[in-house]
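Coordinate analysis (summary)
Now for the letters of each chain:
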Amino acid sequence: MPLTFLGLESSCDETAAAVVRRHDDGRGEVLSNTVFGQEDLHAGFGGVVPEIAARAHAERSDYAVEQGMAAAGLGFSDLDGIAVTAGPGLIGGVMAGVMTAKGLAAGTGLPLWGVNHLEGHALTPRLTDAVEWPFLLLLVSGGHCQFLSIEGLGAYKRLGGTIDDAPGEAFDKTARLLGLGFPGGPAVEKEAAAGDPRRFKFPRPLLDRPGCDLSFSGLKTAVARACDDLTEAQGGLHSQDRADLCAGFQTAVSDVLSAKAARAMAAFRADHPQAAVLAVAGGVAANQHLRAGLDAEAAMQGFRLIAPPLKLCTDNGAMIAWAGLERAAAGLETGPVSPRPRWPLDQSASPILGSGKKGAKA
Ligand code: KG4
Ligand code: ZN
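All values reported here derive from a predicted model rather than from experimental measurement.

So, about the overall build of the protein chain. In terms of helices and strands, the protein chain carries 11 helices and 10 strands. For the protein chain, whose C-alpha radius of gyration is 20 Å, the value lies close to the compact-globule estimate of 21 Å for 362 residues. Overall, the protein chain is about 65 × 50 × 35 Å in size when its C-alpha atoms are taken along their principal axes. Among the 362 residues that make up the protein chain, the fraction classed as buried is 55%. Considering only contacts in the protein chain between residues 6 or more positions apart, those separated by 24 or more positions represent 74%. Split by element, the accessible area of the protein chain, about 14,400 Å² in all, is 53% carbon and sulfur. Averaging the coordinates of the 32 positive side-chain charges in the protein chain and doing the same for the 40 negative ones gives two points 4 Å apart.

See below:
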């Protein structure tokens, strides 16, 4: 029997509700995918303000559910379950989503699954492309950056990650520095299209060190320094300067991620000789330059790059519904659903210094 779930997401600045069906052959089908962004509410601050985000989620999550259900053309009696992000993320938003989902579950009698937001991102390639286990995942978002060996449902091994900022955070900070608005990723990418990536010599952090760990805070500082130098020399930035800074920054991020992805693929293949899929997920995976870089690197290593459609890269309810569906289909029980601000995917990995401790996003 196919299973149909409603998924709710509210861990950062998207209030989202989606309906997803899992067919008997394991194929996923997105029946609706409603996302209410909050860019307008946070734009003036250059980043997500947790208190404002929480209030907006509390205000809109029931409305997002109404829209998601209507767009799918289904009633609650057509559903088999509800899944909600229970963490990690901004706790006020997570609580708003969890309370909405608990109310819905109580009112409808449907079972409720508390889902790890990162698992939602991690399993998206199975929803969109029915990817088989195991596969290698690069998760790149506003709050996270890690290479994960996805070995099976609930079996995730971290191969490396950022020791400081996440790339999305670096994109957002670079955009703020250059007055490009929020969220920074799409703005920087747009600006970079007209820029010369070779004009500024930005560092490629940690490439001189073995392993798959990454660092982005030095890069952000290098952009700030280049910006200061230009301002001192010419009194401000011309539009070409801005484009060149964005292009240089974006290329540095992409180069580092591609080079580390090559190492991660080698490490992953040593454990899984038959495996040949590199998937990318999280908001930064929307970046076309990065996708092209990873695609080329994957091809060189004999891997196939799987990148979900843009709407399923950034935060959404469909990935949460899917993670719940995978758990239900595997016969796992629902447990108590409690909001968790921190919730690493690889519980056995020791924390990387600083990682996961910064950034509003998860
Ligand atoms: O996964 P996501 O929606 O939220 C979480 O962090 O969980 O990712 C949002 C992040 C933001 O930092 C945003 O600037 C970045 O993804 N982003 C991008 C692009 N689109 C979104 N970064 C680079 N290029 C893009 N096109
Ligand atoms: Zn996310």
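More follows now that the structure is in view.
This paragraph deals with the sheet that holds strand E10 (residues 304-306). Neighbouring strands of a sheet are bound in pairs by backbone hydrogen bonds; such pairs are parallel or else antiparallel. Judged by pairing direction, the sheet is mixed, and its five strands sit side by side in the order E8-E7-E6-E9-E10 without closing on themselves. Where the open sheet ends on each side, the last strands, each with one partner, are strand E8 (155-161) and E10. The mean inter-strand angle of the sheet, taken between neighbouring strand axes irrespective of direction, is 25°. Judged from the six bridges that link them, strand E7 (residues 145-152) and E8 form a sheet pairing that is antiparallel. The partner of Ile-150 across the bridge, within E8, is Tyr-156.

Packing of helix H5 (residues 167-177) against helix H6 (residues 184-192) brings their axes to within 8 Å, and their N-to-C directions diverge by 65°. The angle between H5 and H6 falls in the class roughly perpendicular. Of the two elements, H5 crosses H6, and the hand of that crossing is left-handed. When H5 is examined against H6, the residues Phe-171, Asp-172, Thr-174 and Ala-175 are found in contact with a partner set consisting of Gly-184, Gly-185 and Val-188. Tallied by class, residues from the contact of H5 with H6 come to three nonpolar, three polar and one charged.

How two helices pack is summed up by the angle between their axes together with the distance between the axes. With their axes 11 Å apart at the nearest point, helix H7 (residues 217-234) and helix H8 (residues 239-271) run at an angle of 160° to one another. In terms of orientation, H7 and H8 fall into the roughly antiparallel class. Taken as a pair, H7 and H8 cross one another with a handedness that is right-handed. Residues Leu-219, Val-223, Ala-226, Cys-227, Leu-230 and Gln-234 of H7 form the contact with H8, whose own contacting residues are Asp-241, Leu-245, Phe-249, Ala-252 and Val-253. When grouped by side-chain class, the residues that make up the contact of H7 with H8 number nine nonpolar, one polar and one charged.

We now examine the pairing of strand E5 (residues 112-116). Among the five residues that make up E5, four are buried, leaving the element largely enclosed by the rest of the structure. Direction of pairing for strand E4 (residues 81-87) relative to E5: parallel, over a ladder of five bridges. Bridging across to E5, Val-84 finds its partner in Gly-114. Note on the crossover from E4 through helix H3 (residues 91-108) to E5: the handedness is right-handed.

Of the residues in the protein chain, 97% have a pLDDT of 70 or more, and the chain-wide mean is 94. A low-confidence stretch, residues 354-362 (pLDDT under 50), is modelled with 30 contacts involving residues beyond four sequence positions or located in other chains.

To continue, consider the side chain of Glu-297. Here Glu-297 lies in helix H9 (residues 288-300). Buried Glu-297, no salt bridge; nearest opposite-charge side chain is Arg-263, N-O distance 9.6 Å. Not counting residues up to four positions away in its chain, the partners in contact with Glu-297 are Ser-258, Ala-262 and Met-265.

This paragraph deals with the nonpolar core. Counting 46 residues, the largest nonpolar core has Val-140, Phe-202, Phe-216, Leu-245, Phe-249, Leu-257 and Leu-278 as the members making the most contacts within it. Of all the secondary structure elements, the ones that give two or more residues to this core are strand E6 (135-140), E7, H5, H6, H7, H8, strand E9 (277-281) and H9. Element by element, the count of residues in this core is highest for H8, at 12 residues. Every residue in contact with Leu-278, bar those within four places of it in the chain, is listed here: Leu-136, Leu-138, Ala-261, Met-265, Ala-298, Phe-303, Arg-304, Leu-305 and Ile-306.

Overall, the coordinates contain 11 salt bridges when judged by the stated rule. Of the charged contacts in the structure, one is a salt bridge between Arg-199 and Asp-244, with a shortest N-O distance of 2.8 Å. Here the residue Arg-199 occupies a position in the loop between H6 and H7, and Asp-244 occupies one in helix H8, the gap between them amounting to 45 residues. With a relative accessible area of 3%, Asp-244 lands in the buried category. Where Arg-204 meets Asp-255, a salt bridge forms, and the shortest distance between an N and an O atom there is 2.9 Å. Highlighted residues: Arg-204 in the loop between H6 and H7 and Asp-255 in helix H8, separated in sequence by 51 residues. Classification of Arg-204 by relative accessible area gives partly exposed; the value is 30%. By relative accessible area, Asp-255 is classed as partly exposed at 33%. Here the residues in one salt-bridge network are Asp-165, Glu-169, Lys-173 and Lys-220, joined through shared partners.

Rules and cut-offs
Residues numbered from 1 in each chain as written. Chains lettered and ligands numbered in written order. Predicted model: local features only at pLDDT ≥ 70, side-chain atom pairs only at ≥ 80, totals over all residues. Heavy atoms only, no water. Helix = DSSP H or I, 4+ residues; strand = E, 2+ residues; numbered from the N terminus. Rg over C-alpha atoms; globule rule 2.2 N^0.38 Å. Buried < 20%, exposed > 50% of the residue type's maximum accessible area, 1.4 Å probe, protein only. Contact = heavy atoms within 4.5 Å. Areas by Shrake-Rupley, 256 points an atom, 1.4 Å probe, with all protein chains shown as cover. Lys, Arg positive; Asp, Glu negative; His and termini not counted. Charge placed at Lys NZ, Arg CZ, Asp CG, Glu CD. Pairing = 2+ DSSP bridges. Axes fitted to C-alpha atoms, helices over the stretch in contact; angles between N-to-C directions. Parallel < 35°, antiparallel > 145°, perpendicular 65-115°, else oblique. Left-handed = near helix turned anticlockwise from the far one by under 90°. Nonpolar A, V, L, I, M, F, W, Y, C, P; charged D, E, K, R; others polar. Right-handed = clockwise from strand over helix to strand, strands pointing away. pLDDT = per-residue confidence, 0-100. Salt bridge = Lys/Arg side-chain N within 4 Å of Asp/Glu carboxyl O. Core = buried A, V, L, I, M, F, W, Y, C linked by side-chain atoms within 4.5 Å.

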